[in-house]
Amino acid sequence: MVNDAMGIQGIQIIGMFFCIVMLYLTFLHYKRKEFKVEFFLFWAFAWIGLIIMILYPTSLDFFVRGLKFGRRLDFFIVFGSFFILVLQYYNYIIINNTRRKVEKITRKIAIQNHNRKN
Amino acid sequence: MKNRKSDVWAIIPAHNEAKNIGKVISESKKYVEKIVVVDDGSKDNTAEIAKKQGAIVLKHVVNLGKGSTLKTGCDFVYKACAKNKNNKKIKIILIDADGQHDPKLIPTFIKKLENKEIIFGARDFNKKMPLVLRVGNNFINFIIELLFQVKVRDSQSGYRAFWLKNYRKIRWRAQDYSMESEMIANVGKHKLKYGQVSIPTVYNDNYKGTTIVDGVRIVYNIFKWRVAKW
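Residues numbered from 1 in each chain as written. Chains lettered and ligands numbered in written order. Predicted model: local features only at pLDDT ≥ 70, side-chain atom pairs only at ≥ 80, totals over all residues. Heavy atoms only, no water.

Visitor: Help me understand the packing of helix 5 (residues 131-148) of chain B against helix 8 (residues 212-228) of chain B, please; the structure alone is not making it clear to me.
Guide: Each packed pair of helices is defined by two parameters, the angle between the axes and the distance between the axes. Residue and element names in this part refer to chain B. The contact between helix 5 and helix 8 brings their axes to 11 Å, and the two run at 0 degrees. One element, helix 5, and the other, helix 8, form an angle in the roughly parallel class. Contact residues: Val132, Phe139, Ile140, Ile143, Ile144, Leu147 and Phe148 in helix 5; Ile212, Gly215, Ile218, Val219, Ile222, Phe223, Trp225 and Arg226 in helix 8. Among the residues forming the contact of helix 5 with helix 8, the class breakdown is 13 nonpolar, one polar and one charged. (Axes fitted to C-alpha atoms, helices over the stretch in contact; angles between N-to-C directions. Helix = DSSP H or I, 4+ residues; strand = E, 2+ residues; numbered from the N terminus. Parallel < 35°, antiparallel > 145°, perpendicular 65-115°, else oblique. Contact = heavy atoms within 4.5 Å. Nonpolar A, V, L, I, M, F, W, Y, C, P; charged D, E, K, R; others polar.)

Here you go:
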């Protein structure tokens, strides 16, 4: 189950440790009310899903073979990279929009404050 | 056409320039009637000093960058002059607050602007300018000429003058030092008539201008604008 013959491997321990830390941080942000419940659930499911995939890597074999990946790790790396790129793109859009909004508000306040005083 | 002092507005972007702003304003006042200082979230008393010197002060509550700061100043003047019947005669001059730009040259800019639409200040690329800036600046000038057919000697100098009526054409989106290059790109796009005035090269000890990282960003942006402005 965990790993066919050799028991749990080092890379799985590292992966699980990472997911547990991220799960804890997700919960922490939710507790501090920095996340909405749907956002918390999305990330909690993502980390739990990843833990399951790390513990039972054979569960991915259907996709790994179907997409003709040589190893399960290759599958993780390729889809992990895609996921990171999507997140980067999403962050870029959000940050850019936020920057423009901050700029507009700051300008408005600067001009309004001057007009009010005069 | 006679140049009236009241037709010229000076816009000075300032960030922590308490040391120099007073002198820049008092010198500029000899040549322009209205001076707008845009304080870009300074932690020192730049705004107070500027106000004492009689400038119109607009204060950003947070630091945004030179592009945004100048845009605040220009937008303010544009709105303030919107109902003015003579707003077609209004000229804007942009001056840095760090004392790099000598206000004595304002009349030269304004005179030259009479038969042009925008005037760029151009520093001599002598040994007073750090080598890395000389090389970077020449490279950016070359790229701008190649992509926008605007041949300027110093694309990164902030000392500029233009007619307020042309502001909408040259208005930039960049929030940082890229705005100087974007302004030139817009001049190329709208085929505005431009001229240049030689200005002395001055670098203070506390130089806060363009860095190598800014240079890389500017070059990237120039290519981006070329694609966007087609």
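So that's the structure; there's more coming.
Visitor: How should the nonpolar core be read in this particular structure?
Guide: Soluble, globular proteins show a tendency: their nonpolar side chains are buried together. Residues Ile11, Val36, Val77, Leu94, Phe162, Met183 and Ile222 of chain B are the most contacted members of the largest nonpolar core, which totals 40 residues. Counting residues in each nonpolar core, the second largest holds 28 residues, with Ala10, Val24, Val32 and Trp163 of chain B among its members. (Core = buried A, V, L, I, M, F, W, Y, C linked by side-chain atoms within 4.5 Å. Buried < 20%, exposed > 50% of the residue type's maximum accessible area, 1.4 Å probe, protein only.)

Visitor: Honestly, the interface of chain A and chain B in this entry has me stumped. Any pointers?
Guide: In many analyses, interface size is given as the accessible surface area lost on bringing the parts together. The interface is formed by 12 residues belonging to chain A together with 17 residues belonging to chain B. Contact between chain A and chain B buries roughly 1,300 Å² in total, counting both sides, with carbon and sulfur atoms accounting for 56%. Counting the contacts that link chain A with chain B gives one salt bridge. In this structure, the salt-bridge partner of glutamate 103 of chain A is lysine 71 of chain B, at a minimum N-O distance of 3.2 Å. Here chain A and chain B share seven residue pairs in polar contact (both at pLDDT 80 or more) between them. (Buried area = accessible area lost by both parts, 1.4 Å probe. Salt bridge = Lys/Arg side-chain N within 4 Å of Asp/Glu carboxyl O. Polar contact = N/O pair within 3.5 Å; in protein donor to acceptor, adjacent residues only side chain to side chain.)

Visitor: Could you clarify how one ought to interpret the pattern of salt bridges in this entry?
Guide: A side chain of one charge can pair with a side chain of the opposite charge if their charged atoms are brought near each other. All told, the structure shown has 15 salt bridges over all chains when counted by the stated rule. Within this structure, Arg100, Glu103 and Arg107 of chain A together with Lys71 of chain B form a network of salt bridges that share partners.

Visitor: Explain the pairing of strand 1 (residues 8-14) of chain B to me, please; I cannot follow it from the model alone.
Guide: As a general feature of sheets, a regular strand has side chains that alternate between the two faces. Residue and element names in this part refer to chain B. Of all seven residues that make up strand 1, seven are buried, and the element is covered over most of its length. Residues Val8, Ala10, Ile12 and Ala14 point to one face of strand 1 and Trp9, Ile11 and Pro13 to the other, with burial holding for every one of them. Remark: the strand 1/helix 1 (residues 18-28)/strand 2 (residues 34-40) crossover connection has right-handed handedness. (Right-handed = clockwise from strand over helix to strand, strands pointing away.)

Nothing here speaks to function; it is all geometry.
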